[in-house]
Amino acid sequence: LKKYPDETFVFSDFLAVPIRKKFDYAFCSGGVTIKLPETDNYEFLRATLEKMWRLTRIGVVFNILTDDDDDPDDDLFFYSATEVKKICREIAGDEAKIIMEKTPGIFQIHVYIYRDTLQIA
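Residues numbered from 1 in each chain as written. Predicted model: local features only at pLDDT ≥ 70, side-chain atom pairs only at ≥ 80, totals over all residues. Heavy atoms only, no water.

S.K.: It is not clear to me how the side chain of Asn 63 should be interpreted in this structure. Could you clarify?
M.R.: By secondary structure assignment, the location of Asn 63 is in strand S2 (residues 56-66). A distance of 3.5 Å separates a polar atom in the side chain of Asn 63 from a polar atom in the side chain of Gln 108. Discounting chain neighbours no more than four positions away, the residues touching Asn 63 are Cys 28, Ser 29, Gly 30, Val 32, Thr 33, Gln 108, Ile 109 and His 110. (Helix = DSSP H or I, 4+ residues; strand = E, 2+ residues; numbered from the N terminus. Polar contact = N/O pair within 3.5 Å; in protein donor to acceptor, adjacent residues only side chain to side chain. Contact = heavy atoms within 4.5 Å.)

Structure, rendered in C-alpha cells:
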C-alpha cells in the first residue's frame, strides 16, 4: 500500500463483494490452493473463475497445484488438471482459448483463459 499511495485496494471476500466495473484481465495467484475444510475446492474454484470471467473483457490467469505431487502438503489442495480444464471450458465456452502451462520440476500449472476476440466496450 505504501508503494502505491495513489491506488485503491479493497480487502474483502472476492465472491461476496459486488464489483460493477470490467477489467481487461483478472489474475489469481495462489488464491485457490488452500484446502478448504468446509467447502469443496472444485466448487470454490468454479465460483471464483465464473466471477473472474464475468468481470473481464480479455481473459483470466490463475495457477493451481496438481495432483501428481508424490508428497502433497495436507494444508494445500491439489487439483486434477483434466477436471480444471473441463471447468474452464464450461465457464468460458468453446470459443475461448485455454492454455495450461506446467511449471517444470514443480507440481503447478498456470492457466490462461482468454476470449478469441477482444470485447472492449
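Still more ground to cover, so stick around.
S.K.: What should I look at first to understand the pattern of salt bridges in this one?
M.R.: Should their charged atoms come close, side chains of opposite charge can pair. If you walk through the whole model with that rule in mind, you get 3 salt bridges. Close ionic contact of Asp 24 with Arg 57 constitutes a salt bridge, the shortest N to O distance being 3.1 Å. Placement of Asp 24 in strand S1 (residues 23-28) and of Arg 57 in strand S2 is noted, with a sequence separation of 33 residues between them. Using a relative accessible area of 34% as the deciding quantity, one classes Asp 24 as partly exposed. Between Asp 68 and Lys 102 there is a salt bridge, with its nearest N and O atoms 3.3 Å apart. (Salt bridge = Lys/Arg side-chain N within 4 Å of Asp/Glu carboxyl O. Buried < 20%, exposed > 50% of the residue type's maximum accessible area, 1.4 Å probe, protein only.)

S.K.: Sorry, what's going on with the packing of aromatic side chains here?
M.R.: Per the stated rule, a full pass over the model turns up 4 aromatic pairs. Geometrically, the ring pair formed by Tyr 42 and Phe 77 is edge-to-face, given 5.5 Å between the ring centres and 85° between the ring planes. Here Phe 77 lies in the loop between S2 and strand S3 (78-79) and Tyr 42 lies in helix H1 (residues 41-54), a separation of 35 residues in the sequence. The partly exposed category is assigned to Tyr 42, whose relative accessible area is 21%. Above the ring of Phe 14, the side-chain terminus of Lys 51 is found at 5.0 Å from the ring centroid. In this arrangement the basic side chain of Arg 115 is found over the ring face of Trp 53, its NZ or CZ atom lying 3.7 Å from the centre. (Phe/Tyr/Trp six-rings, centres within 6.5 Å; stacked < 30°, edge-to-face > 60°. Lys NZ or Arg CZ within 6 Å of the ring centre and 35° of its normal.)

S.K.: Even after reading the chapter, I still don't get the nonpolar core, so can you show me in this structure?
M.R.: As a rule of thumb, nonpolar side chains are buried together in soluble globular proteins. Leu 45, Leu 49, Phe 62, Cys 88 and Ile 113 are the most contacted members of the largest nonpolar core, which has 22 residues in total. Among the elements of the structure, S1, H1, S2, helix H2 (81-92) and strand S5 (108-114) are those that each provide at least two residues to this core. With 5 residues, the single largest contributor to this core is H2. (Core = buried A, V, L, I, M, F, W, Y, C linked by side-chain atoms within 4.5 Å.)

S.K.: Would you mind going over H2 with me for this structure?
M.R.: Working note: α-helix, 3.6 residues per turn, so residues spaced by three or four point in the same direction. An ideal rise of 1.5 Å per residue puts 16 Å on 12 residues; H2 measures up with 16 Å between its terminal C-alpha atoms. By the burial criterion, the buried members of H2 are Val 84, Ile 87, Cys 88, Ile 91 and Ala 92. Down the axis of H2, the buried set is contained in an arc of 115°. They therefore lie on one face. Of the residues one or two after H2, Gly 93 is the one with positive phi, at around 90°. (Expected span 1.5 Å × (residues − 1). Arc of directions from axis to C-beta.)

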